Every structure is written in C-alpha cells, then in structure tokens.
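Working through the structure, step by step
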Amino acid sequence: EVTSMPLVQAKCTNCGANLEVDGTKDAAVCPHCETPYVVEKATNYFHTTNHLTADVVNVFRDPADFVIRAGKLEKYNGESTTVVIPDNVTVIGTQAFDHCSGLTSVTIPSSVKTIETSAFSHCISLPSIFIPESVQHIRGGAFSCCTSLSSISIPKSILCIEEGSFSNCTSLSNIIIPESVQRIKEGAFLNCTSL
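Summary of the structure given here.

Parameters at a glance
Residues numbered from 1 in each chain as written. Predicted model: local features only at pLDDT ≥ 70, side-chain atom pairs only at ≥ 80, totals over all residues. Heavy atoms only, no water. Helix = DSSP H or I, 4+ residues; strand = E, 2+ residues; numbered from the N terminus. Pairing = 2+ DSSP bridges. Salt bridge = Lys/Arg side-chain N within 4 Å of Asp/Glu carboxyl O. Buried < 20%, exposed > 50% of the residue type's maximum accessible area, 1.4 Å probe, protein only. Contact = heavy atoms within 4.5 Å. Core = buried A, V, L, I, M, F, W, Y, C linked by side-chain atoms within 4.5 Å.

Look at glutamine 95: it is not a glycine, yet its phi comes out positive at around 60 degrees. Tracing the chain through its elements places glutamine 95 in the loop between strand 8 (91–92) and strand 9 (105–107). Positive phi is not limited to glycine here, since serine 118 has a value of about 55 degrees. Within the secondary structure layout, serine 118 lies in the loop between strand 10 (114–115) and strand 11 (137–138).

Here it is in structure tokens:
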C-alpha cells in the first residue's frame, strides 16, 4: 500500500526559498541551503510573506503550463503568481518568464545549471529570488528590468556576471557577490539607481 505525504507550502527561514514539505513532520532540512528548520515556522513564514490566510495556498504545479524539452524550460504559459519550477529542469531558457509581470515568487530547483538570456526580464512584481549553488551561468539580461527586485545573493558557483544581468533593476539596493566571481562585465548593474 502506497500512501502519499501531506505536502504543504513553506518558506525556508534561513534563505527564503519556497519549499514543499511534509506537514506531518516537526522539522526538515532546506534542500537549497541545507539549513534545518521547524516546519510550522516555515509554513507560517510562507503564509506571512505571501499574505495568505491559513487555508489559501495558490501554488502552481500543473506541468501543462511549462514547455520543457530535454531538461530545458523553454516557456512558462501559466497565470499563477507563485511558481515552483519542476525538479527535472537543468536550463531556464531565453525569455522563459519574460514579461510575467504578475510573478511574485519563483522557486528554482537545485537541478538548474544555466539561466539564459532574458529568462526573467520584465518580471516587475518579483521582489526576491533565491539562486541555488547548482547554477553556473547567468546569461546577459537574465533579470533585467525586474523593477521590484530589492536584493540578490550571487551563488559561489558563478564565476562571471554577464552584461546587463541585473540592468534596470531600479529597486535593487543590496547585492552579495562572493569571492568566486572573477569578472563583472560591462553594464551588469546598469541603471540600478538604488544600489
């Protein structure tokens, strides 16, 4: 007999990543930053930061709205404001989420290695995003014109911040760049007027 776990939405209390956790457990470990957390606190944090009441969780998970070919997420066609990218995705393709103006939360799985050009450009309602350590390449303009993005932490796996990666992110006031980064290309933070 196979029984399914009662999965609930949560947000890591350390790195802020959106999670899907077993609601019957007392504690778990974040797959993104490997920090232990209390499940109840993490689920409360998810509801608070997304302004949800206890019984309303609107997380999109219908694979029909993801166009995925050979591990590459080519386009997101859904309408949900909260998106969890499937675990089998290794590349977030060019303009996959371009102009998803209502997108407020996106969870990138640790299977992703590359975020291509303009993948999240013009996501004007996206306030933050957690980039996992698996990501090795963030291509030019990947997060350009994300005007609500206020802070970003570049993972240690990134060696180069490409042209225009965060250009015109006018709310970006805090960025953490690890010592692993060897090169920041021209215009990477162009017109980041709050930085």
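Glancing now at the sheet that holds strand 8. Taken in spatial order, the 5 strands of this open sheet run 5-6-8-10-11, and their pairing is mixed. Each edge of the open sheet carries a strand with a single partner, namely strand 5 (66–69) and strand 11. Here strand 5 pairs with strand 6 (residues 72–76) via 4 bridges, running antiparallel. Each bridged residue has a counterpart across the sheet, and for arginine 69 the counterpart in strand 6 is lysine 72.

This part covers the pattern of salt bridges. In this structure the tally under the stated criterion is 3 salt bridges. Between lysine 72 and glutamate 116 there is a salt bridge, and its shortest N-O distance comes to 3.3 Å. With a gap of 44 residues between them, lysine 72 in strand 6 and glutamate 116 in the loop between strand 10 and strand 11 connect regions that are remote in the sequence. A residue is classified by how much of its surface remains accessible, and lysine 72, at 29% relative accessible area, is partly exposed. Between glutamate 162 and lysine 185 there is a salt bridge, and its shortest N-O distance comes to 3.4 Å. Placement of glutamate 162 in the loop between strand 13 (160–161) and strand 14 (174–176) and of lysine 185 in the segment after strand 15 (183–184) is noted, with a sequence separation of 23 residues between them.

Further remarks concern the pairing of strand 1 (residues 7–11). Here 5 bridges tie strand 1 to strand 2 (residues 18–22), and the two strands are oriented antiparallel to one another. Across the sheet, residue alanine 10 finds its bridge partner in strand 2, namely leucine 19. Between strand 1 and strand 2, which pair antiparallel in sequence order, lie 6 residues; one of them, glycine 16, sits at a positive phi of approximately 85 degrees.

Relative to the assigned elements, serine 167 resides in the loop between strand 13 and strand 14. Among residues more than four places away in sequence, those in contact with serine 167 are Phe143, Ser144, Cys145, Gly187, Ala188, Phe189 and Leu190.

Our next topic: the nonpolar core. Counting residues in hydrophobic clusters, the biggest one holds 39 residues, and the most contacted among them are Ile92, Phe97, Ile115 and Phe120. The residues contacting isoleucine 115, other than those within four sequence positions of it, are Ile92, Ile108, Phe120, Ile131, Val135, His137, Ile138, Arg139, Ala142 and Phe143. Grouped together as the second largest cluster of nonpolar side chains are 9 residues, Ala17, Leu19, Val21 and Val39 included.

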